[in-house]
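Secondary and tertiary structure notes
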Amino acid sequence: SSSKPKLFFKIPRWPRMDSTPHHRKTNHNHNHNNNNKKKDKIVVIMGATGTGKSKLSIDLATRFHAEIINSDKMQVYNGLDITTNKIPLHQRCGITHHLLGEVDPVLHDDFSPLDFRNMAGSVISDIVSRRKLPLIVGGSNSFVHALLVDRFDPVGDSNVFDPSSRSFPSSTLRYNCCFLWVDVSMRVLSEYLSLRVEDMFDSGMLDELTEFFSEFPSRSGLKKAIGIPEFENYFKKYPPHDGGDPVRTEEAYMDAVREIKDNTCQLAKRQIGKIVRLKGAGWDLRRLDATEAFREVMSNSNVSGSEIWERQVLEPSVKIVKRFLEE
Ligand code: ATP
């Protein structure tokens, strides 16, 4: 197609509203919820893949003196930056990111929820000790759950997201959490995800996959990343060493891309199901509806999607976090 899809990839540099680290003065103040009195405050951004969590995290981190901890199970690994949608360095606006591309996918091919709980837990302590605000961002709800519950049982808790299971996620958390849930209606999100996949291929995803397949890592934590299983047939047919330019009109290529789009939508649906289950279990998630902003950004109208995003997602989020830090 001639016109490039409009995406939220470009992150404007919002002016900083207030550079005072609110939590510095309020960390141990009174709190309506006695259970939360002595717990460290953290902000958690949840949402399905593609809903703009990374964008929101940068907008909030620059305002509230925060450091970001990634909670996407594929993005913790080093490699496949385009395929796994890591936020590029130039969009991070100088904000420190933790557990983003830090784990070697071959040496540590099974980075588990328990590993995440332990590593992210010590990063949170460190951030708090430096009087900054920890901001958890990522779509892996099993990671978020493992990190936050007061007691985590890697075996017993493994089915808390299973819709047919009677074991529910615990609502007793080890931090004082402010949850933001960025939601986009599935109809609009699936249209957007399809554009995003095309944009990822325009940005060099095929080269990245070619390199991955040419190294044949028999064990790699990234083996399950969306893009790898889907391209297996293609690279069997067109081995990566063969040199020749990949034929994008080739049926095997088009099948793989279609599968990636489908599987990304399936992932988004499963993620939303898990978020709803956490909410049902009593997690106090504040839902922000970004549907209109996404619809606008994809349409050809003159209204800027960013304006709607600011009004309907960013501003309410800023208010919620501000109030939380002042409690
Ligand atoms: P599950 O326990 O079912 O793996 P989860 O909540 O632990 O779910 P999700 O983040 O939902 O983890 O990821 C599930 C699967 O979705 C991953 O194993 C991977 O196949 C795919 N996936 C998740 N995030 C990404 C990503 N950033 N890039 C590519 N694939 C991803």
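First, a word on what this report is: a plain description of the structure on this page. (Residues numbered from 1 in each chain as written. Predicted model: local features only at pLDDT ≥ 70, side-chain atom pairs only at ≥ 80, totals over all residues. Heavy atoms only, no water.)

Section: the packing of helix α5 (residues 186–202) against helix α9 (residues 291–298)
- Where α5 meets α9, the axes come as close as 10 Å, and the angle between the chain directions of the two elements is 45°. In this view, α5 runs oblique relative to α9, as classed from their interaxial angle. Note that α5 runs across α9; the crossing there is left-handed. Of the residues in α9, those in contact with Val188, Glu191, Tyr192 and Leu195 of α5 are Thr291, Phe294, Arg295 and Met298.
- Of the residues belonging to the contact of α5 with α9, the class tally is 5 nonpolar, 1 polar and 2 charged. (Axes fitted to C-alpha atoms, helices over the stretch in contact; angles between N-to-C directions. Helix = DSSP H or I, 4+ residues; strand = E, 2+ residues; numbered from the N terminus. Parallel < 35°, antiparallel > 145°, perpendicular 65-115°, else oblique. Left-handed = near helix turned anticlockwise from the far one by under 90°. Contact = heavy atoms within 4.5 Å. Nonpolar A, V, L, I, M, F, W, Y, C, P; charged D, E, K, R; others polar.)

So, the pairing of strand β2 (residues 66–70)
- Along β2, 5 of the 5 residues are buried, which leaves the element largely enclosed by surrounding structure.
- Of the two faces of β2, both are covered, the one formed by Ala66, Ile68 and Asn70 as well as the one formed by Glu67 and Ile69.
- Strand direction decides the pairing type here: β2 and strand β4 (residues 133–137), joined by 5 bridges, are parallel. The residue of β4 that forms the bridge with Asn70 is Val137.
- Bridging between β2 and strand β3 (residues 97–98) involves 2 bridges; their strand directions are parallel. (Buried < 20%, exposed > 50% of the residue type's maximum accessible area, 1.4 Å probe, protein only. Pairing = 2+ DSSP bridges.)

As for the sheet that holds strand β6 (residues 285–289)
- On the basis of which strands lie adjacent, the open sheet formed by 6 strands has the order β3-β2-β4-β1-β5-β6 and parallel pairing. Only two strands of the sheet have a single neighbouring strand rather than two, namely β3 and β6.
- Judged from the 7 bridges that link them, strand β1 (residues 41–47) and strand β5 (residues 176–183) form a sheet pairing that is parallel. Bridge pairing links Lys41 to Asn176 in β5.
- Helix-sheet contacts for helix α2 (residues 53–64) involve β1, β2, β3, β4 and β5, and the interaxial angle to β4 is about 175°.
- Lying on the sheet, helix α8 (residues 251–280) is in contact with β1, β5 and β6; it crosses β5 at an angle near 140°.

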